[in-house]
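What follows is the residue order along each chain.
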Amino acid sequence: VITRPEMEIGRYHWMYRSSRPHRYHHVPALRGNISPLGIPGCFECCIKCLGGVPYASLVATILCFSGVALFCGCGHVALTGTVSILEQHFSTTASDHALLSEVIQLMQYVIYGIASFFFLYGIILLAEGFYTTSAVKELHGEFKTTACGRCISGMFVFLTYVLGVAWLGVFGFSAVPVFMFYNIWSTCEVIKSLQTNVTVPGDQICVDIRQYGIIPWNAVPGKACGPILENICNTNEFYMSYHLFIVACAGAGATVIALIHFLMILSSNWAYLKDASKMQAYQDIKAKEEQELQDIQSRSKEQLNSYT
């Protein structure tokens, strides 16, 4: 005769047997670098460490550091050379370019701040990449992504987007001195070609810096013509400033590319963290259901033992 508790146990087994997942314990195979006690060797530890490195964030960080370093270093030296050229050849009176000198000095201090800020910001973004990579790699382990971590990742996405838009403006602004120096250099090349052909006197070809608005119209002399302009192009200050402005503009462009790269990485990481939180919630619910099932089975066995 089948008693009622035995019928209840049979019913629970019939209902929940197919829903309970089978658990298989993976037994690692012995390799050359793993001891018989199951302790991993140096090679396995290195592979595990390399697997947790965020290579995309590392490349973006190196590109960002390189771009900011080129922009700040070359821009600082190029601005100093520009002031020297203006004082020697285009504005001999100090009061005429006093405002420009103050603006350039302020820009140099801003460059110091930009270099310090992006050094810290790049390290923070790289650390965030390590954090997110660990969250994805250890999704099925004991690692838990918190709401605060997801909020911080979302904040980095917004801040990187704002910085990317700002650096687009910096990139466009850094192209202005390159355009000015290129016009002066091309005018000097025209003067050299005219001296070779001896068709038109080079004294009639001039460059007026006042038309760019960097010095006032009453600045003396304000312009350079013919051989004087050619001598300016042959000076070390002009040569170095021109090429340093080109490198600084390229550094600003590299920084823009790095920030766009960071923006893609952070958006992807934020999506991964969001999916990880959903997976954790699902696993918590599943574990809770299994625990309730085990509790029901244990209570049923206790009732069966009490009857018997």
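Here the structure is shown first, and the text comes after it.
Residues numbered from 1 in each chain as written. Predicted model: local features only at pLDDT ≥ 70, side-chain atom pairs only at ≥ 80, totals over all residues. Heavy atoms only, no water.

In terms of regular secondary structure, the protein chain is built from 7 helices and 2 strands. Listed by position from the N terminus, the elements making up the protein chain come as α-α-α-α-α-β-β-α-α. Counting only residues that meet the buried cut, the protein chain has 35% of its 308 residues in that class. For the protein chain, the proportion of contacts with a sequence separation of at least 24, taken over those separated by at least 6, is 80%. By element, 67% of the accessible surface of the protein chain is carried by carbon and sulfur atoms, the whole surface being about 19,300 Å². (Helix = DSSP H or I, 4+ residues; strand = E, 2+ residues; numbered from the N terminus. Buried < 20%, exposed > 50% of the residue type's maximum accessible area, 1.4 Å probe, protein only. Contact = heavy atoms within 4.5 Å. Areas by Shrake-Rupley, 256 points an atom, 1.4 Å probe, with all protein chains shown as cover.)

Here the structure, examined in full by the defined rule, presents 2 salt bridges. Ionic pairing is found between Glu 189 and Lys 192, a salt bridge with its closest N-O pair at 3.9 Å. With Glu 189 and Lys 192 both in helix H5 (residues 147-197) and 3 residues apart, the pair spans about one turn of that helix. Owing to a relative accessible area of 31%, Lys 192 belongs among the partly exposed residues under this scheme. With a closest N to O distance of 3.0 Å, Asp 208 and Arg 210 form a salt bridge. Each member of the pair, Asp 208 together with Arg 210, is buried. (Salt bridge = Lys/Arg side-chain N within 4 Å of Asp/Glu carboxyl O.)

Moving on, we come to the state of the cysteines. Covalent bonding between the sulfur atoms of two cysteines defines a disulfide. The tally for this structure, following the rule as stated, stands at 2 disulfides. With its sulfur 1.8 Å from that of its partner, Cys 188 forms a disulfide with Cys 233. The sign of the S-S torsion, about 60 degrees, decides the handedness of the disulfide formed by Cys 188 and Cys 233: right-handed. Of the two residues, Cys 188 sits in helix H5 while Cys 233 sits in helix H6 (residues 226-233), which places them 45 residues apart along the sequence. Here Cys 188 falls in the buried class, since its relative accessible area comes to 1%. (Disulfide = S-S within 2.5 Å.)

Take the side chain of Glu 128 next. For Glu 128, the position within the fold is in helix H4 (residues 98-137). Look at Glu 128 and you get buried, because its relative accessible area is 6%.

The space that makes up the largest pocket amounts to roughly 630 Å³. Taken together, 28 residues make up the lining of the largest pocket; nearest its centre are Leu 79, Met 107, Phe 173, Pro 177 and Phe 245. If you list the elements that add at least two residues to the lining of the largest pocket, you get helix H3 (55-90), H4, H5 and helix H7 (236-307). The greatest single-element share of the lining of the largest pocket, amounting to 8 residues, is contributed by H5. (1 Å grid on protein atoms, 1.4 Å probe; cavity = no way out; pocket = protein on both sides within 12 Å on 5 of 7 lines; lining within 4 Å. Points joined across faces, edges and corners; volume = space filled by probe spheres on them.)

One finds Val 68, Phe 90, Phe 118, Trp 167, Ile 184, Ile 209 and Leu 229 to be the most contacted residues of the largest nonpolar core, which totals 49 residues. Only H3, H4, H5, H6 and H7 provide two or more residues apiece to this core. It is H7 that provides the largest number of residues to this core, a total of 13 residues. In contact with Leu 229, not counting residues within four places along its chain, are Ile 184, Thr 187, Cys 188, Ile 191, Val 207 and Ala 224. (Core = buried A, V, L, I, M, F, W, Y, C linked by side-chain atoms within 4.5 Å.)

Moving on: the environment of Tyr 272. With respect to the helices, strands and loops of the structure, Tyr 272 is situated in helix H7. Considered as a pair, Tyr 272 and Thr 132 are 140 residues apart in the sequence and their alpha carbons are 7.9 Å apart.

Time to look at a nonpolar patch on the surface. On the surface, a nonpolar cluster with roughly 410 Å² of combined accessible area is contributed by Phe 158, Tyr 161, Val 162 and Val 165. Positionally, Val 162 belongs in helix H5. (Patch = residues over 30% accessible without salt bridge, like charges linked within 9 Å, V, L, I, M, F, W, Y side chains within 5 Å.)

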